[in-house]
Amino acid sequence: MKKKLLAALLSTAMVATLLSGCGSSSSSSSTETETEEAAEEETEEAAEETEAAEEETAEAVDNSSITLEIVSKGLQHQYWQAVLKGVNNKAEELGVTVNFVGPDSESDIQVQVTELQAALEANPSAIGLAALDTSAVYDLLEQAAEAGIPVIGFDSGVPDAPEGSVYANCSTDNYVAGELAAEMVYEAIADRIANADGSVRIGVVAQDATSESVVTRGLGFFDKLAELAEAAGKTVGMASSSNERYITDSVLEADDSADVIIETLVPASVTSELSATDATTLMNKEDTIAIYGSNEHSANAIITANDNLGVLGTGEDDIIAAGFDSGASLKAAVADGIFLGAITQAPVAMGETLVELLVAVANGEEVEDVDTGCQWYTAENMEDEEIAQNLYD
């Protein structure tokens, strides 16, 4: 009996030992898994901490020694005040010092040359430039390159600048913007063109023939109009009375007998009175069915001319008007149905992006062109948030 009891006890002990061994193996495996998971979590946490530290370091970069000179086309239009607002916003955020200047009138090319000369003499970290006439500042841009002062173009940029002087441009694609205006205007006058017994005229009021942005907006506008009208079987030509620069640079030939005649007038100097006279001349012609002002100044000139003539509107017998940029007068004309609509840029965002590019290039970073975009606004959509944020008074 004792032998049987002893045997039973031994068997129980062996089973217990075996079970203990199995449990030990399972526990060991579980412990290893938990250790691996903990290690992975620690690695992930370390990576997150490293990324956060890098972001804090980037944000903590001291830009206080960076000085920026920005030479605009002027300060008289609300558009430039909106650009300046964006510049000041971003300069404060990034902690840099900015000097923003511009001539009293966009026809004061020599004044801008003098301002750019002063900007160079200040030996800034970088310069922002919206050139009124690239040829007038060509030598100064060469000096900037020789001095190692990077230049960022904005608004119209600095086309045909000396190689290596302008690192990038921050601007609206003005040709595309002009095309968009043409598409909207053509949609409104397509039937009148198709059903016309004789020729019809489309007027363009251009502030000047030297600013790349103004010229390019004009070219985009009437090149697209020509494309659309010719696709509908009409002949299109530039009026021989048009400004020579626009005739030369356009795809169109001078032709006063075409089905659709596009006439572009430029004042001798940039004054409200002279541009309003150009607008009046175009709007007084019996065959004029549409008119386009390629910036705020020109759009306002059309509005002034219409105050006396009262011929603009969206009716079948009205002259269809389109503008560019914004401002209180143009916004009111669009809201009241005097203008079909207008193209807006994003001036505040342009100013902010300009400063970002200038700071980046001042810190030795690579930069590239930025298209700040455009939108078509009308009485129906100008209150939409996406549009309204880009409209200034």
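What counts, and where the lines are drawn
- Residues numbered from 1 in each chain as written.
- Predicted model: local features only at pLDDT ≥ 70, side-chain atom pairs only at ≥ 80, totals over all residues.
- Heavy atoms only, no water.
- Pairing = 2+ DSSP bridges.
- Helix = DSSP H or I, 4+ residues; strand = E, 2+ residues; numbered from the N terminus.
- Buried < 20%, exposed > 50% of the residue type's maximum accessible area, 1.4 Å probe, protein only.
- Arc of directions from axis to C-beta.
- Contact = heavy atoms within 4.5 Å.
- Core = buried A, V, L, I, M, F, W, Y, C linked by side-chain atoms within 4.5 Å.
- pLDDT = per-residue confidence, 0-100.

A. Quick look at the sheet that holds strand β12 (residues 370-371). Pairing in this open sheet of 6 strands is parallel, and the strands run β2-β1-β3-β4-β5-β12 from one edge to the other. Since the sheet does not close on itself, it has two edges, and those belong to β2 (97-101) and β12, each with one partner. Direction of pairing for strand β4 (residues 151-154) relative to strand β5 (residues 166-171): parallel, over a ladder of 4 bridges. Residue pairing across strands places Ile 152 opposite Ala 168, the latter belonging to β5.

B. Looking closely at helix α10 (residues 328-335). The set of residues buried in α10 consists of Leu 330, Lys 331, Ala 333 and Val 334. In an axial view of α10, the angular spread of the buried residues amounts to 160°, which keeps them on one side of the axis. Where α10 is buried, its residues touch α9 (296-309), β10 (320-324), β11 (341-344) and β13 (375-377). Among the residues trailing α10, Gly 337 stands out with phi positive, at a value near 80°.

C. Molecular detail of the nonpolar core. Formed by 34 residues in total, the largest nonpolar core has its most connected members in Ile 189, Ile 202, Phe 221, Phe 222, Tyr 246 and Ile 262. Breaking this core down by element, the ones donating at least two residues are α5 (174-195), β6 (200-205), α6 (212-231), β7 (236-238), β8 (260-265), β9 (288-293) and β10. Considering each element in turn, this core owes the most residues, 8 residues, to α6. When near neighbours in sequence (up to four residues on either side) are disregarded, Ile 189 contacts Ile 202, Ile 289, Ala 290 and Ile 320. Listed in part, the 26 residues of the second largest apolar core include Ile 70, Leu 84, Cys 170 and Val 361.

D. Spatial organisation of the confidence of the model for the chain. In the predicted model, the chain carries a mean pLDDT of 88, and 85% of its residues have values of at least 70. Segment residues 1-31: pLDDT under 50, and 0 contacts once partners within four positions in sequence are set aside and those in other chains are kept. Within the model, the stretch residues 53-58 combines pLDDT values under 50 with 0 contacts to residues more than four positions away or in other chains.

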